[in-house]
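Remarks on the overall topology
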Amino acid sequence: MAAPIRVLTAVPICDGHDSAINTINLEFIRHGIEVVYLGFHRYVGDIVRAAIQEDVAAVGISSYNGGHIEFFAEVVKQLKRKGAGDIKVFGGGGGTITHDDAREMKQKGVDQIFFAGTSLAEMAKFVHDRYGKPRGKRVKPKSADQELAHRLTAIEDGFQDGKRRTSNAERSTSKSEKRHQTSNIKHQTSVIGFTGPGGAGKTTLIDELVLRFLNHNSRSRIAILSHDPSVIGEGALLGDRATMINSQDDRVFMRSMATRGQAGGLSPATESCLNLLAHSGFDYVIIETVGTGQEALPFRNQLVDQTILVMNPDYGARLQLQKIVMLDVADIVVVNKTDLERAKAALSEIEHRLTQNKRKQQIVATVAKRHRDRGVDELFELITSKTGGKS
Amino acid sequence: MSKLGAVVEAVEKREKFVLEQVQRARTDQQFAQQVMDRWNKIKSEIPVSKTPTGLPLPRLALPELDEAGEIARYLFGDGLPGEFPFLNGAYREMYLEPLRQAEVQDKKSGSPNGSNGKKNGARPPEEPTRLFSGLMLAEDTNKRFHFLSAHQRSKRLSTAFDGPTLYGIDSDADGVFGKIGEGGVAVDTVEDMVRLYDGFEIGSPDFSASMTISGPAPIIMAMYIAAAKRRFGPGVVANLRGTIQADIFKEVQAQNETIFPIEASLRFLLDMIEWTSQNMPRWYPVSISGYHIGEAGSTPVQQAAYTLSNGFAYVEMLMARGADVNVFGPRLSFFLDCGLDAEYIALSRVSRKIWAIGMREVFGADRRAQMFKLHTQTSGRSLIAAEFKNNLTRTAAELMLAYMNGTNSCHSNSADEPFTTPSEEWIRLAAHGQAILLEESGIFKHTMNMLTGSPGMKAVERAVETAILDEFREIESLGGVMGAVENRYQRSQIQNAAHRYEQQIYDGTRPIVGLNRYRNAAEEMPEIELARTSRAKQKLQVDRLMKFKKKNAGKAKGALDKLVKVVERGENCFPALLEAAEVCSLGQITGRLQEVVGHFRPMV
Ligand code: B12
């Protein structure tokens, strides 16, 4: 079986009509497709950057508020200009895109437009037929990010049923992985792992930290490797990018991965992908697991330099804390959403639990959704001081 | 925990109370007599008018009851139109053609003023028709407004803004050029606002403007006031009539036009509501909207439940800030969708009742603050591209349902809805649809509630009410509206319902004529007149804006600095917004506020 198809979907700038694309996302996933969803009200530049970093087979755009001829054409143009003409563009917008418009859009390089009244199954079939073929020889990358993106794809698709498969593409990648490692050996990259239960606000916290990293040093670059669960027997909705504000930036390289059948919060290919990212010249590499259960210990084999557990004050009774294994190994425990009523009690319970470990663990209280939250500032300082203030 | 749980209890308690009254009327002689006397008095006071064919009909239709228990059930459970719990209508009279003097005096027992309290010779009631429009630049929309209102007694304009305006972005911002004037009118500055309503007497009682905008609503409201002052002087402010949508909860749940973090958005909104309810007594500063929730694909019950709970959440927040429910309460208004599903036979009726009970029993509001004043729009999503002229029939059926539900005003969609901002041809037909129903036909003009009260309607009411209360319990268990929002509860429920809706279309279980039934295989793409904004117009808008910015550069800086200070100090920022709106563009204000309070983190 070939690796799942990856597509990116989005809604253009000044447009919040997301009902169609939400339905289409759900339908694609049911048909085994992995969808990186970028959300609504998105600039051409954000879509193109994401498409290249995620190295998707195609970009699906849903546009309703007019200006679609220009918008689609601009996405095609910028993809080509960045050497990513192999990423195809398709989409729809109900009746707002007329047949004449569609003809013009196709002339400008758009692959396909779906009109009002097209069945959902038809669209999923199109994606399979048109974008489902295994990738042939890749185009020569025009930028370091694109090259990195291609390598990550080769690694990810090199795993089959959780095991590494040896194909030509993959062998050449592991070689280049090594080459990469030696050439960048001097650059200090710090790898930070974020984990914790679903709904604790990991993605928001990471995005807020990214803002501080970017402001702190105007030349630093950051990579984010984020994970979302695959639905059993189906594709996956990779939606973290959609909720990010500060990470839509050329200085951030973000890659979303589906767990593809592996339990524990990461994907079979995570370790290899992380290895590559850790030797690609970034100052920080942030890795985010899917929402994990109490017994999860996602970061093994010294995968990361620092482990951060993000928790929600609503973890239930105090007894539950004893069962959370990550509390023993995390370097920093973040209690997010401390604007909730239970926060004070939670903080002192967790603090107590940590003293049993007799290790130098830190605890930080944050409200990541708050603009310029002091807790997030504190966390940022902790992280950068631990890494020796390299940035 | 929110007060939603208390609302559920209050509604259940009311049902019990009604049953007790029924029992009492059947067992307590004296009470029964009181009920009967009241009933007979009501009946005797209803004026009768004659149809053009000479048929005498009562202005208000009552059920034929002669048993005290059933009468009590009607009076306490449903209430007369204009009476608690307002199931039958917020007002005693709507839609009726004015009574001719002769008829009134014919009816000896009736008071000459009728029972509606309207003085003889008062102005005829305003038309409920409101057509939502906005296209290209301010002067183009202005022309459309004049076209639409040329034959109306009262000028009731409803304004649609373009994408950049809805997102608080200026027309000269990077990457938005192609969107200028699409799907609505481009407004960047107070000067655009002046152009937009040019030629209309903004302060007159015969004029009202409604503005469909929410994310940047307080800024646009300030611009509207600034424009009115430019034309008519500061005295005009207290006379301004109209509505601004401003409802931020439904943006987060369904329409996706939130531009500041939720807490900051709510604060700006509440600042505006407080200011306008004190200084603009005729203005509706928020239109609590289910339309967008419904159109995003929710079920009708979800639509009503989320809208009502959002409304109660605003009341709770305003009261927590110390505002008086009887001052702001009457200034809250509502906006619901009306589609073809069976729930729409009674959805708005039930919503009115639940609102009234919640406001009275839980929040202690008086009569005027209990009234659920409703604008309805027919469903855009029910209109499809295939054989699009069928959309006329769909809209007609929906209009009928909307008026059966006693809506206070209504927008009817144009048949070319799936394709474009309507052309003059189709919007004219959409307006005529309402005129035919209300003026030509005898369905509403003789008797306002001609079609209500059928056993079927009652059955829908019961089922819908139970389902709404179940939704309330679910939301309450998630910590009320805010808690549910943070858990993405409403969003994920709406998305699942939307997915099911589309699946039902393509598996044929939801019949759509022309699409999955009676499909015309030979149909070709119809010739549709598209309203698209030319590059020249888009450029004109950008040029005007740049000139404005240059002219006001110095003053703008001062106004923005002042605004920031007020925001940081936590004071009501609306007065500072009013000053800024005179000299700053929409994007300048939004941008500066975002520096202080941050950006909205998208919820998907
Ligand atoms: C639902 C709706 C809304 C909802 C949106 C809720 C939401 N969260 O999505 C609400 C009420 C909030 C809304 C608001 C507005 N709307 Co609106 N809306 C519609 C409506 C009624 C239906 C669109 C829809 O979702 N259909 C359901 C989908 C599943 O079906 P479909 O559109 O036929 O699409 C099919 C294919 O094209 C394909 N497809 C679509 N996208 C994609 C993408 C990919 C990748 C693929 C493969 C396929 C595909 O899949 C579908 C299945 O076959 C249309 C009119 C209409 N009847 O079409 C207006 C319409 C799109 N809206 C319009 C406008 C103007 C607005 C507003 C700007 C109004 C205003 N000024 O305030 C706002 C802006 C909102 C915003 N944030 O941007 C205009 C656009 C006019 C134009 N471009 O010239 C329309 C056409 C109505 C009109 N005639 O005025 N709207």
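Reading guide: rules and limits
- Residues numbered from 1 in each chain as written.
- Chains lettered and ligands numbered in written order.
- Predicted model: local features only at pLDDT ≥ 70, side-chain atom pairs only at ≥ 80, totals over all residues.
- Heavy atoms only, no water.
- Helix = DSSP H or I, 4+ residues; strand = E, 2+ residues; numbered from the N terminus.
- Rg over C-alpha atoms; globule rule 2.2 N^0.38 Å.
- Buried < 20%, exposed > 50% of the residue type's maximum accessible area, 1.4 Å probe, protein only.
- Contact = heavy atoms within 4.5 Å.
- Areas by Shrake-Rupley, 256 points an atom, 1.4 Å probe, with all protein chains shown as cover.
- Lys, Arg positive; Asp, Glu negative; His and termini not counted.
- Charge placed at Lys NZ, Arg CZ, Asp CG, Glu CD.
- Domains from an automatic or database assignment.
- Core = buried A, V, L, I, M, F, W, Y, C linked by side-chain atoms within 4.5 Å.
- Pairing = 2+ DSSP bridges.
- Axes fitted to C-alpha atoms, helices over the stretch in contact; angles between N-to-C directions.
- Expected span 1.5 Å × (residues − 1).
- Arc of directions from axis to C-beta.
- Buried area = accessible area lost by both parts, 1.4 Å probe.
- Salt bridge = Lys/Arg side-chain N within 4 Å of Asp/Glu carboxyl O.
- Polar contact = N/O pair within 3.5 Å; in protein donor to acceptor, adjacent residues only side chain to side chain.
- Nonpolar A, V, L, I, M, F, W, Y, C, P; charged D, E, K, R; others polar.
- Donors = N, O, S within 2.8 Å, 3.2 Å for Na, K, Ca; no water.
- Right-handed = clockwise from strand over helix to strand, strands pointing away.
- Parallel < 35°, antiparallel > 145°, perpendicular 65-115°, else oblique.
- Left-handed = near helix turned anticlockwise from the far one by under 90°.

With that out of the way, let us pick up the overall build of chain B. Scanning chain B from terminus to terminus reveals 23 helices and eleven strands. Its C-alpha atoms give chain B a radius of gyration of 25 Å, within 12% of the compact-globule value 25 Å for 604 residues. On the principal axes, the C-alpha backbone points of chain B span a range of 80 × 60 × 55 Å. Looking at chain B residue by residue over its 604 residues, the buried ones come to 61%. Considering only contacts within chain B whose residues lie at least 6 apart along the sequence, 78% involve residues at least 24 apart. When the accessible surface of chain B is totalled, it reaches about 23500 Å², and 53% of it is carbon and sulfur. Separation between the mean location of the 73 positive side-chain charges and that of the 74 negative ones in chain B comes to 4 Å.

To continue, consider the domain arrangement of chain B. Split into domains, chain B comes out as domain 1 (4–84) and domain 2 (127–244 + 567–604). Taken over C-alpha atoms, the centre of domain 1 of chain B sits 44 Å from the centre of domain 2 of chain B.

Counting 193 residues, the largest nonpolar core has Tyr197(B), Tyr224(B) and Phe472(B) as its most contacted members. Tallying contributions element by element places helix α8 (residues 217–232) of chain B first for this core, with eleven residues. If near-sequence neighbours (up to four positions away) are discounted, Phe472(B) is found in contact with Leu4(B), Val7(B), Val8(B), Ala305(B), Leu308(B), Ser309(B), Phe312(B) and Ile354(B). Core analysis: the second largest hydrophobic core is formed by 27 residues, Ile206(A), Met244(A), Ile286(A) and Ala368(A) among them.

In this section: the environment of Glu12(B). Structurally, Glu12(B) can be placed in helix α1 (residues 4–27). What Glu12(B) contacts, discounting residues up to four positions off in sequence, is Leu469(B) and Arg473(B).

Attention shifts here to the sheet that holds strand β13 (residues 306–311) of chain A. Residue and element names in this part refer to chain A. An order of β11-β9-β12-β8-β13-β14-β15 is seen for the seven strands of this open sheet, with the pairing classed as parallel. The strands lining the two open edges of the sheet, one partner per strand, are β11 (252–258) and β15 (362–365). Across the sheet, the mean angle from the axis of one strand to that of its neighbour is 20°, orientation sign disregarded. In the sheet, strand β8 (residues 190–195) pairs with β13 via four bridges, with the strands oriented parallel. Residue pairing across strands places Thr-195 opposite Leu-309, the latter belonging to β13. On top of the sheet, helix α12 (residues 343–357) reaches β13, β14 (332–335) and β15; it is set at about 170° to β15, its chief contact.

To continue, consider α12(A). Residues and elements named next belong to chain A. Here α12 spans 22 Å end to end across 15 residues, near enough to the 21 Å set by a 1.5 Å rise per residue. Buried within α12 are the following residues: Ala-343, Ala-346, Glu-349, Ile-350, Arg-353, Leu-354 and Asn-357. One face of α12 carries all of its buried residues, which in axial projection span an arc of 135°. The exposed residues of α12 that point more than 90 degrees off its buried face are Lys-344 and Thr-355. On its buried face, α12 sits against β13, α10 (319–323), α11 (326–329), β14 and β15. Lys-358 sits one or two positions beyond α12 and adopts a positive phi of about 55°.

Our focus in this paragraph is the sheet that holds strand β11 (residues 409–411) of chain B. All names here are of chain B. Taken in spatial order, the four strands make up an open sheet running β8-β9-β10-β11, and their pairing is parallel. Of all strands in the sheet, those with a lone pairing partner are β8 (286–289) and β11, marking the two edges. In this sheet, neighbouring strand axes are inclined to one another by 25° on average, regardless of whether the strands run parallel or antiparallel. With three bridges joining them, strand β10 (residues 374–378) and β11 adopt parallel strand pairing. Note on β11: the bridge partner recorded for Thr-376 is Cys-410.

It is worth spelling out the interface of chain B and chain A at this point. Counting residues at the interface gives 44 residues for chain B, matched by 45 residues for chain A. For the pairing of chain B and chain A, the buried interface totals around 3500 Å² over both sides, and the portion due to carbon and sulfur atoms is 56%. Three residues, Lys179(B), Tyr506(B) and Arg601(B), lead the burial of chain B against chain A; their summed loss comes to 21% of the area buried on that side. There are seven salt bridges connecting chain B and chain A. Linking Arg491(B) and Asp18(A) is a salt bridge whose minimum nitrogen-to-oxygen distance equals 2.9 Å. At the surface where chain B touches chain A, the tally comes to 20 residue pairs in polar contact (both at pLDDT 80 or more). Contributing elements (two or more residues each) for the side of chain B that touches chain A: α6 (163–166), α9 (249–255), α20 (489–506) and α23 (586–597) of chain B. Among the elements that take part in the side of chain B that touches chain A, α20(B) stands out by supplying eight residues, more than any other. Broken down by class, the residue content of the side of chain B that touches chain A amounts to 20 nonpolar, twelve polar and twelve charged.

Let's shift gears to the coordination of the cobalt atom of the ligand. From the protein, the cobalt atom of the ligand takes a single donor atom, His17(A) (NE2), 2.2 Å away. By the secondary structure assignment, His17(A) is in the loop between β1 (6–10) and α1 (19–30).

Before going further, it helps to examine the pairing of strand β4 (residues 88–92) of chain A. Residue and element names in this part refer to chain A. The buried count for β4 comes to four of five residues, which makes it a mostly enclosed element. Pairing of strand β3 (residues 58–62) with β4 involves five bridges; the strand directions are parallel. Residue pairing for β4: Ile-61 is matched across the bridge by Gly-91. The parallel pair β3 and β4, bridged by helix α3 (residues 68–81), forms a crossover whose chirality is right-handed.

Attention now moves to unusual backbone geometry. All names here are of chain B. Each neighbour pair has its own omega, and for Phe-84 with Pro-85 the value is 0°, a cis peptide bond. Residue position: Pro-85 is located in the loop between α3 (68–78) and α4 (101–106). Of note in this structure, Ala-246 is not a glycine but carries a positive phi near 60°. Unlike most non-glycine residues, Asn-256 shows phi in positive territory, near 65°. Looking at the secondary structure, you find Asn-256 in the loop between α9 and α10 (262–279). According to the relative accessible area criterion, Asn-256 is buried, its value standing at 3%.

Take the pairing of β8(B) next. The side chains of a regular strand alternate between the sheet's two faces. Residue and element names in this part refer to chain B. Of the two faces of β8, the one carrying Val-286 and Ile-288 and the one carrying Ser-287 and Ser-289 are both buried. Both β8 and strand β9 (residues 332–338) contribute to a ladder of four bridges, which runs parallel. From the neighbouring strand, Val-286 faces β9, where its bridge partner is Leu-332.

The next subject is the packing of helix α6 (residues 144–157) of chain A against helix α9 (residues 270–278) of chain A. Residues and elements named next belong to chain A. Relative orientation of the contacting elements α6 and α9 amounts to 160°, with a least axis distance of 9 Å. Taken together, the axes of α6 and α9 lie roughly antiparallel to each other. Handedness of the α6/α9 crossing: right-handed. On α9, the residues that touch Leu-148, Arg-151, Leu-152 and Ile-155 of α6 are Ser-272, Cys-273, Leu-276 and Leu-277. For the contact of α6 with α9, the class distribution of residues is six nonpolar, one polar and one charged.

The subject of this paragraph is the pattern of salt bridges. Residue and element names in this part refer to chain A. Counted according to the given criterion, the structure contains 68 salt bridges over all chains. A salt bridge links Glu-54 to Arg-6, with the nearest nitrogen and oxygen atoms 2.8 Å apart. With Glu-54 in helix α2 (residues 44–54) and Arg-6 in strand β1, this residue pair connects regions lying 48 residues apart in the sequence. The exposure class of Arg-6 is buried, given its relative accessible area of 6%.

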